[in-house]
Amino acid sequence: MTGVMIQLSPRGKAIYQLLSLMAALLPLYGAGFLASALQQLPTQPLVDLFEPGLIERVAGRALQLVILSGLVSAGIMMAGDGISVRSVIWLGRLWTALVIVSVGASPLEVGAALDLAAAIALLLLLAASYHEAGSSFYMRLWQVGLLLIVVSLVATQLFDDRALAATRAFRLQVAYPSAGLSVMFWLMRRFSRVEADWAADGLRIVALLVFLAGGLISLGHLGLPAFVSLGATPLIPLCFIVLAGHSYRALSSRNENASLAPHWIAAATLFWLVGGGFAGALSIQPAINEAMRGTDLSQAQDWLAGWVSLAIALAFVNECASSLRGDNRRVTGYVPLWLITFGVALASIVLACRGVVQIYLRDVAAVDAPAMLELLLPLTVVWILCLLAVAAGIVTYALGFWLRRPRIVLVDA
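About the thresholds
- As a convention, each chain's residues are numbered from 1 in the sequence order in which they are written.
- Given that this is a predicted model, residues contribute local features only at a pLDDT of at least 70 and side-chain atom pairs are listed and counted only at 80 or more, while totals for whole chains, interfaces and linings are drawn from all residues.
- Side-chain figures throughout are based on the complete set of non-hydrogen atoms in the structure, without hydrogens or water.
- Starting at the N terminus, helices and strands are each numbered in turn, a helix being any DSSP run of H or I of at least four residues and a strand any DSSP run of E of at least two.
- For the radius of gyration, the atoms used are the C-alpha atoms, and the globule rule reads 2.2 Å times the number of residues raised to 0.38.
- Throughout this description, buried means an accessible area under 20% of the type-specific maximum (1.4 Å probe, protein chains only), exposed means over 50%, and partly exposed covers the range between.
- Whether two residues touch is decided by their heavy atoms; if any such pair falls within 4.5 Å, the residues are in contact.
- Method for areas: the Shrake-Rupley scheme with a 1.4 Å probe, in which residue coverage is limited to the protein chains shown.
- Positive charges come from Lys and Arg alone, negative charges from Asp and Glu alone, with His and the N- and C-terminal ends not counted.
- A charge is said to be at NZ when it belongs to Lys, at CZ for Arg, at CG for Asp and at CD for Glu.
- Grid points spaced at 1 Å over the protein atoms alone were grouped into cavities, where a 1.4 Å probe fits but cannot get out, and pockets, open sets with protein on both sides within 12 Å along at least five of seven lines, with lining residues defined by an atom within 4 Å of a point.
- Grid points are joined across faces, edges and corners, and a volume is the space filled by probe spheres set on the points.
- Angular values range over 0 to 180 degrees, each being the angle between N-to-C directions of two axes fitted as lines to C-alpha atoms, with helices fitted over their stretch in contact.
- Here the angle decides the label: under 35 degrees means roughly parallel, over 145 means roughly antiparallel, 65 to 115 means roughly perpendicular, and every other value means oblique.
- Here a crossing is taken to be left-handed if its near helix is turned anticlockwise relative to the far helix by less than a right angle, and right-handed if that turn runs clockwise.
- For this classification, Asp, Glu, Lys and Arg are treated as charged, while Ala, Val, Leu, Ile, Met, Phe, Trp, Tyr, Cys and Pro are nonpolar and the rest, including Gly, are polar.
- What makes two strands pair is DSSP finding at least two bridges between them.
- A pair is scored as a salt bridge if a Lys or Arg side-chain nitrogen falls within 4 Å of a carboxyl oxygen belonging to Asp or Glu.
- To estimate the expected span of a helix, count its residues, drop one, and scale the result by 1.5 Å.
- The arc in question is traced by the directions running from the helix axis to the C-beta atoms.
- Side-chain rings of Phe, Tyr and Trp, where Trp is taken by its six-membered ring, are said to pair if the distance between their centres is within 6.5 Å; with planes under 30 degrees apart they count as stacked, over 60 as edge-to-face, and otherwise as tilted.
- Our definition puts a charge over a ring when NZ of Lys or CZ of Arg is within 6 Å of the ring centre and also within 35 degrees of the ring normal.
- Disulfide: a pair of cysteine sulfur atoms within 2.5 Å of each other.
- Throughout this description, the term nonpolar core refers to a set of buried Ala, Val, Leu, Ile, Met, Phe, Trp, Tyr and Cys residues connected via side-chain atoms within 4.5 Å.

Quick notes on the overall build of the protein chain
- What the protein chain contains, in helices and strands, is 15 helices and two strands.
- Against the 2.2 N^0.38 benchmark of 22 Å for 413 residues, the protein chain shows a C-alpha radius of gyration of 21 Å, consistent with a compact globule.
- In the protein chain, buried positions account for 54% of the 413 residues.
- For the protein chain, long-range pairs separated by at least 24 residues make up 83% of all intrachain contacts whose partners lie at least 6 apart in sequence.
- Summed over all atoms, the accessible surface of the protein chain reaches about 17,100 Å², with 68% contributed by carbon and sulfur.
- Each charge class in the protein chain was averaged separately, 25 positive and 22 negative side chains, and the resulting centres sit 11 Å apart.

This is the structure:
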């Protein structure tokens, strides 16, 4: 914590504490995906330390909590006086307690209970913000996104196999992005000179297109008829190209805002184009989707989809912290931005290459799992190096945020 002192209202302090919570969760996610990747080595150095599936549960829970914490804090910020100060304080405490319990329980096989607890907490937040629904389309879309997240969290407990994969894809491709889009366009009005009417109209168009494209990608896990999948092949990339066009207009018309929010939005847009547009168009083809199941090709798509929402959350942290501090300066630096952006992109490419090789070795060469790990070792080493860059960026981001965290003095709202 720096020697800088800032004055914040109870609402502002609660929001800043949620931002700090996100920064604390990020290294846990980084450690989780790194440890998970090490299990792909032929020797599997962590096999004797952790039970099967534990690392994946911890990493998955950390990713979920970081994204949801970003969406919760963004919703409170966007709602403004639409949520009372008392509600903001109690919601912040409730969410912090939920995060602590979820992190502590994530190694245990209690994922269903933790998902339900998160769903209940989100419903309470929706109830507190309900009367704010008429104020702006940003808030309405954010509320719709949170409701879709709640539905996906509950539905996960009801399905298995293909339906479960479709439900998880729906959360990554539709539910998270719906709420994330409202945050993204809300941020555009703060770092860009775009008009309010253009941003509101653009959000309506893009939200509909992302819902359409993400819905098709999710349904692809259930198996689409051939004529539907072929017809949707050019439609899905087109939806994300339109999104990129709106993002470019805002990014090319910057104002004096000095935060790195636009840079993170640009990264999210690139991840959307590749993970949603290109990979999504491929994954809805029945034969390709069947071949992708259980391989790193599917993981590469989910990896990019997760980082779309994470990048938007990191953009919000930068802009919101800068706004609350009142100094119009970067809260985190360029080093974590470049490490994470290039690391995620390169890791996605290597992961996709691993997936293609896995399909060949499994379906054509009929190689067993132990031998496959040996043959994939060169790609695995490169993949881990890319993930090390991402993890270094995450640690640098978290350290930069915490080292620059000011001393907060409460003032009357």
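Some remarks on empty space enclosed by the protein
- Scanning the entire structure with this criterion turns up four cavities of 30 Å³ or more.
- Taken as a whole, the largest cavity holds about 70 Å³ of empty space.
- Along its surface, the largest cavity is lined by Ile67, Gly70, Leu71, Ala74, Tyr176, Gly180, Val183, Ser309, Ile312, Ala313 and Phe316.
- When residues of the lining of the largest cavity are traced back to their parent elements, those giving at least two are α2 (54–79), α6 (161–191) and α12 (296–325).

Remarks on the packing of α2 against α6
- For the pair α2 and α6, interaxial distance at closest approach is 11 Å and the crossing angle is 40 degrees. The orientation of α2 with respect to α6, classified from their angle, is oblique. Crossing hand, α2 versus α6: left-handed. Counted together, Gln64, Ile67, Leu68, Leu71, Ala74, Met77 and Met78 of α2 and Arg171, Tyr176, Ala179, Gly180, Ser182, Val183, Trp186 and Arg190 of α6 form the full contact between these two elements.
- Of the residues in the contact of α2 with α6, the class split is ten nonpolar, three polar and two charged.

Some remarks on the pairing of strand β1 (residues 5–8)
- Burial along β1 is one-sided: the residues Ile6 and Leu8 are buried and none of Met5 and Gln7 is.
- Sheet analysis places β1 next to strand β2 (residues 407–410), joined by four bridges and oriented parallel. Across the sheet, residue Gln7 finds its bridge partner in β2, namely Val409.

Here we look at the layout of surface pockets
- Computed from the structure, the second largest pocket encloses a volume of approximately 410 Å³.
- At the level of elements, α10 (261–283), α11 (286–292), α12 and α13 (334–364) are the ones that each hand at least two residues to the lining of the second largest pocket.
- In terms of residue count, the dominant contributor to the lining of the second largest pocket is α10 (eight residues).
- Looking at side-chain class alone, the lining of the second largest pocket contains 15 nonpolar, five polar and no charged residues.

A closer look at the pattern of salt bridges
- Taken as a whole, this structure holds ten salt bridges when the rule is applied.
- Across the salt bridge formed by Arg162 and Glu290, the nearest N and O atoms sit 2.3 Å from each other. Remark: Glu290 occurs in helix α11 and Arg162 occurs in helix α6; sequence separation between them is 128 residues.
- Since its relative accessible area comes to 27%, Arg162 is described here as partly exposed.

Description of helix α9 (residues 235–251)
- When the terminal C-alpha atoms of α9 are compared, their 24 Å separation across 17 residues agrees well with the 24 Å that a helix rising 1.5 Å per residue should span.
- Among all positions in α9, only Ile236, Cys239, Phe240, Leu243, Ala244, His246, Ser247 and Ala250 are buried. Along α9, the residues classed as buried sweep out an arc of 160 degrees about the axis, all on the same side. Summarising the geometry of α9, the exposed residues directed more than 90 degrees from the buried face are Ile241 and Tyr248.
- Where the residues of α9 are buried, they touch α6, α7 (196–220), α8 (226–232) and α10.

A word on the packing of aromatic side chains
- One pass over the full model with this rule turns up nine aromatic pairs.
- Summarising the aromatic geometry, the rings of Tyr29 and Phe33 are spaced 5.0 Å apart at their centres and angled 75 degrees between planes, so their arrangement reads as edge-to-face. Of this pair, Tyr29 and Phe33 are both found in helix α1 (residues 10–38), four residues apart, which corresponds to roughly one turn of the helix.
- Residue class for Tyr29 comes out buried when judged on its relative accessible area of 7%.
- Taken together, the ring pairs in this structure connect Tyr29, Phe33, Trp303 and Trp307 into an aromatic cluster.
- Sitting above the plane of the Trp90 ring, Arg93 keeps its charged end 5.2 Å from the centroid.
- Over the aromatic face of Phe137 sits the side chain of Arg204, whose NZ or CZ is 4.8 Å from the ring centroid.

Section: the state of the cysteines
- Evaluation of the coordinates by the stated rule reveals zero disulfides.
- Its sulfur unpaired, Cys386 is 10 Å from the next cysteine sulfur, which belongs to Cys353.
- Relative accessible area serves as the criterion here: at 10%, Cys386 is assigned to the buried category.

As for the nonpolar core
- Within the largest apolar cluster, 125 residues are counted, with the highest numbers of intra-cluster contacts made by Trp95, Leu181, Trp303 and Trp307.
- Counting residues per element, this core draws most heavily on α12, at 17 residues.
- For Trp95, the contacting residues outside a window of four places in its chain are Leu18, Leu21, Leu68, Ser69, Val72, Ala118, Ala121 and Leu122.

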